[in-house]
Amino acid sequence: MLREANERDLDEILQLYLFLHETSVPEESEQLRKTWQGIVNDENHHLIVCEENGRIAASCVCVIIPNLTRGVRPYAFIENVVTHKDYRRKGYATAVLDYAKQIAERENCYKMMLLTGAKEEGTLNFYRNAGYNDFDKTAFIQWLV
């Protein structure tokens, strides 16, 4: 089942992020709760989950960013694409990306973007097969401490 995350999903999503790049789950704090409330209540922030057998198997974030160019059309940014190790290669990540694309189309976005730190050819081919290309733009990142 594909859906947007709700308030009850926080703990399971934090556990899922251990398969992304996190090494631990953040401690319960006011900052964590405030951030979570901001995410689930933001109409432009879509945390998409794919449930299988009552468990979150995969997820991605789709943020719709208002824009003054391209006919005042927004664009979508995709982040935190992750699948639980027990559910890989079953199409769940593709499903959440497809759901994100439906949101972007519904919101009249002119493009979708994602960045990945992955270097494995299989992961890069996954994104290519999902309709993304790696030749239109060059990404630059500045990490802030």
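Sequence positions are assigned chain by chain, starting from 1 and proceeding in written order. Local features are withheld for residues below a pLDDT of 70 in this predicted model, meaning they are given only at 70 or higher, and side-chain atom pairs are given and counted only at 80 or more; totals for whole chains, interfaces and linings count all residues. To obtain the side-chain values, all non-hydrogen atoms of the structure were included, while hydrogens and water were left out.

Trainee: Tell me about the overall build of the protein, residues and numbers included.
Mentor: The helix and strand tally for the protein stands at four helices and five strands. Scaling as 2.2 N^0.38, a compact globule of 145 residues should have a C-alpha radius of gyration of about 15 Å, and the protein matches this with 15 Å. Principal axes of the C-alpha set define a box for the protein whose edges measure 40 × 35 × 35 Å. Buried means the residue's accessible area, taken with a 1.4 Å probe over protein chains only, is under 20% of the maximum for its type, while exposed means over 50%, and partly exposed covers the values in between. Looking at the protein as a whole, 34% of its 145 residues are labelled buried. Whether two residues are in contact is decided by their heavy atoms: any pair within 4.5 Å suffices. Sequence separation of at least 24 residues holds for 60% of the intrachain contacts in the protein that already meet a minimum separation of 6. In the structure as shown, the protein presents an accessible area of about 9,800 Å², 49% of it carried by carbon and sulfur atoms. Each helix corresponds to a stretch of at least 4 residues labelled H or I by DSSP, and each strand to a stretch of at least 2 residues labelled E; elements are numbered beginning at the N terminus. The reference for a compact globule is 2.2 Å times residues^0.38; the radius of gyration itself is calculated from the C-alpha atoms. The Shrake-Rupley method, run with a 1.4 Å probe, gives the accessible areas here. Residue values count only the displayed protein chains as cover.

Trainee: Can you lay out the nonpolar core for me, pointing to particular residues and giving the numbers?
Mentor: For this analysis, a nonpolar core means a set of buried residues of the types Ala, Val, Leu, Ile, Met, Phe, Trp, Tyr and Cys, connected via side-chain atoms within 4.5 Å. In terms of nonpolar packing, the biggest core is built from 22 residues, with I48, C60, C62, I78, V81 and L97 touching the most fellow members. Contributing elements (two or more residues each) for this core: strand 2 (45-52), strand 3 (55-65), strand 4 (75-83) and helix 3 (92-106). With residues up to four places along the chain from it excluded, the contact list for L97 reads C60, I78, V81, F126, Y127, A130 and Y132. With 14 residues, the next largest nonpolar core counts L16, Y17, L47 and I56 among its residues.

Trainee: For the environment of D134, give the residues involved together with the corresponding values.
Mentor: Within the secondary structure, D134 is located in the segment after helix 4 (121-129). Overall, D134 belongs to the exposed group, its relative accessible area being 52%. For D134 and L124, which are ten residues apart along the polypeptide, the C-alpha to C-alpha distance reads 8.8 Å. At a separation of 2.7 Å, a polar atom in the side chain of D134 contacts the side chain of R128. A 3.5 Å cut-off defines polar contacts: any pair of N or O atoms within that distance qualifies, except that in protein one atom must be a possible hydrogen donor and the other a possible acceptor, and neighbouring residues in sequence count only when both atoms are side-chain atoms.

Trainee: An account of the pattern of salt bridges is requested, with residue identities and associated values reported.
Mentor: Salt-bridge detection follows one rule: a side-chain nitrogen of Lys or Arg within 4 Å of a carboxyl oxygen of Asp or Glu. Enumeration according to the criterion identifies eight salt bridges in this entry. Between D86 and R55 there is a salt bridge; the shortest N-O distance is 3.9 Å. With D86 in the loop between strand 4 and helix 3 and R55 in strand 3, the pair connects residues that are 31 residues apart, well separated along the chain. Since its relative accessible area comes to 33%, R55 is described here as partly exposed. R128 serves as the salt-bridge partner of E121, at 2.8 Å between the closest nitrogen and oxygen. Its relative accessible area of 31% is what places R128 among the partly exposed residues. Each of R3, D9 and E51 takes part in salt bridges that share partners, so that together they form one network.

Trainee: Lay out the packing of aromatic side chains in plain terms, naming residues and giving numbers.
Mentor: Ring pairs are drawn from Phe, Tyr and Trp, using the six-membered ring of Trp, whenever the two centres fall within 6.5 Å, and their geometry is named by plane angle: stacked under 30 degrees, edge-to-face over 60, tilted for the rest. For the coordinates displayed, the defined rule picks out three aromatic pairs. Between the aromatic rings of Y75 and Y110, the centroid separation amounts to 6.4 Å while the plane-to-plane angle is 75 degrees, which identifies the pairing as edge-to-face. Pair noted here: Y75 is in strand 4 and Y110 is in the loop between helix 3 and strand 5 (112-114), with a separation of 35 residues, a long-range link. Counted as over-ring charges are cases with an Arg CZ or a Lys NZ within 6 Å of the ring centre that also lie within 35 degrees of the ring normal. Directly above the ring of Y75 sits K111, whose terminal nitrogen or CZ lies 5.5 Å from the centroid.

Trainee: Talk me through helix 3; I want residue IDs and the actual numbers.
Mentor: Residues separated by three or four positions in an α-helix point in the same direction, a consequence of the helix having 3.6 residues per turn. Here helix 3 is 15 residues long and its end C-alpha atoms lie 21 Å apart, about the 21 Å a rise of 1.5 Å per residue gives. Regarding helix 3, the residues found buried are Y92, A93, A95, V96, L97, A100, I103 and A104. To estimate the expected span of a helix, subtract one from its residue number and multiply by 1.5 Å.

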